[in-house]
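A structural walkthrough
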Amino acid sequence: MIREANAQDLDGLLELYLHLHEESIPEKNDHLRETWEKIMSDENYHIVVCEIDGKIVSSCVCLIVPNLTHNVRPYALVENVVTHADYRGKGYATSCLNYAKEIAVSMNCYKIMLMTGSKRESTLRFYANAGYSDSDKTAFNMKIE
């Protein structure tokens, strides 16, 4: 089932993020709870999840960014695309991306941006097959540590 995350999904998401790039689950403290509450209450922050037998196995984040250009139309930013290693290759991430696209279309976005740090050909091909182009723009990234 593809759906938007709800308040009870925090633990499942944190476990799934171990298959993205996290090395451990963050400590359950006030900062984590406040951040989660902020995400859950933000109408422009959408966490799309794929749930199989009660377990979150794939997800992506779709942020809607208000904008003053392109006839005052917002754009969407997709991040944190991940599928549990045991569930890859079954179309779950594609379904999450398609759901994120539906959100972007419903919010009248003029584009969706997605960046990946992966250089693996299979990952790049996956995004291309999902409709994303790597030839339209040049992306730059600045890490702040």
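Read on for an overview of the structure. Owing to the predicted nature of the structure, the values given are computational and were not obtained by experimental measurement. (Residues numbered from 1 in each chain as written. Predicted model: local features only at pLDDT ≥ 70, side-chain atom pairs only at ≥ 80, totals over all residues. Heavy atoms only, no water.)

Observations regarding the side chain of Arg 3
Test applied: Strands are runs of DSSP state E lasting at least two residues, helices are runs of H or I lasting at least four, and both sets are numbered from the N terminus onward. Pairs of N or O atoms are called polar contacts if they sit within 3.5 Å, as long as, within protein, a hydrogen donor faces a hydrogen acceptor (for residues adjacent in sequence, only side-chain-to-side-chain pairs). Residues count as neighbours in contact if any of their non-hydrogen atoms are within 4.5 Å of one another.
Along the chain, Arg 3 falls in strand S1 (residues 2–4). Within the structure, Arg 3 has its side chain in polar contact with the side chain of Asp 9 (distance 2.6 Å). Within the structure, Arg 3 has its side chain in polar contact with the side chain of Glu 51 (distance 2.8 Å). Aside from chain neighbours lying at most four places away, what touches Arg 3 is Asp 9, Ile 47, Val 48, Val 49, Glu 51 and Tyr 99.

A short note on the nonpolar core
Applicable threshold: Nonpolar core, defined: a set of buried Ala, Val, Leu, Ile, Met, Phe, Trp, Tyr and Cys residues in which side-chain atoms within 4.5 Å join the residues together. Three exposure classes are used, based on accessible area relative to the maximum for each residue type with a 1.4 Å probe and protein chains only: buried under 20%, partly exposed in between, and exposed over 50%.
If you look at the biggest cluster of nonpolar residues, it comprises 20 residues, and the most contacted ones within it are Cys 60, Val 78, Val 81, Leu 97 and Leu 114. Residue assignment for this core shows that the elements contributing at least two residues are strand S2 (45–52), strand S3 (55–65), strand S4 (75–83) and helix H3 (92–106). If one sorts the elements of this core by residue count, H3 sits on top with seven residues. The next biggest cluster of nonpolar side chains, apart from the first, holds 14 residues, and it includes Leu 10, Leu 13, Ile 47 and Val 49.

Observations concerning the pairing of S4
As a reminder of what qualifies: Whether two strands pair comes down to DSSP finding at least two bridges between them. Here the term right-handed applies to a crossover when the path leading from its first strand over the helix to its second strand runs clockwise, the strands being oriented away from the viewer.
Note: S3 against S4, seven bridges, orientation antiparallel. In the strand pairing of S4, Ile 64 is matched with Ala 76. Pairing between S4 and strand S5 (residues 112–114): three bridges, direction parallel. Across the sheet, the residue bridging to Leu 77 is Met 113, located in S5. Crossover S4 to S5 through H3 is right-handed.

Shape descriptors only; they carry no functional weight alone.
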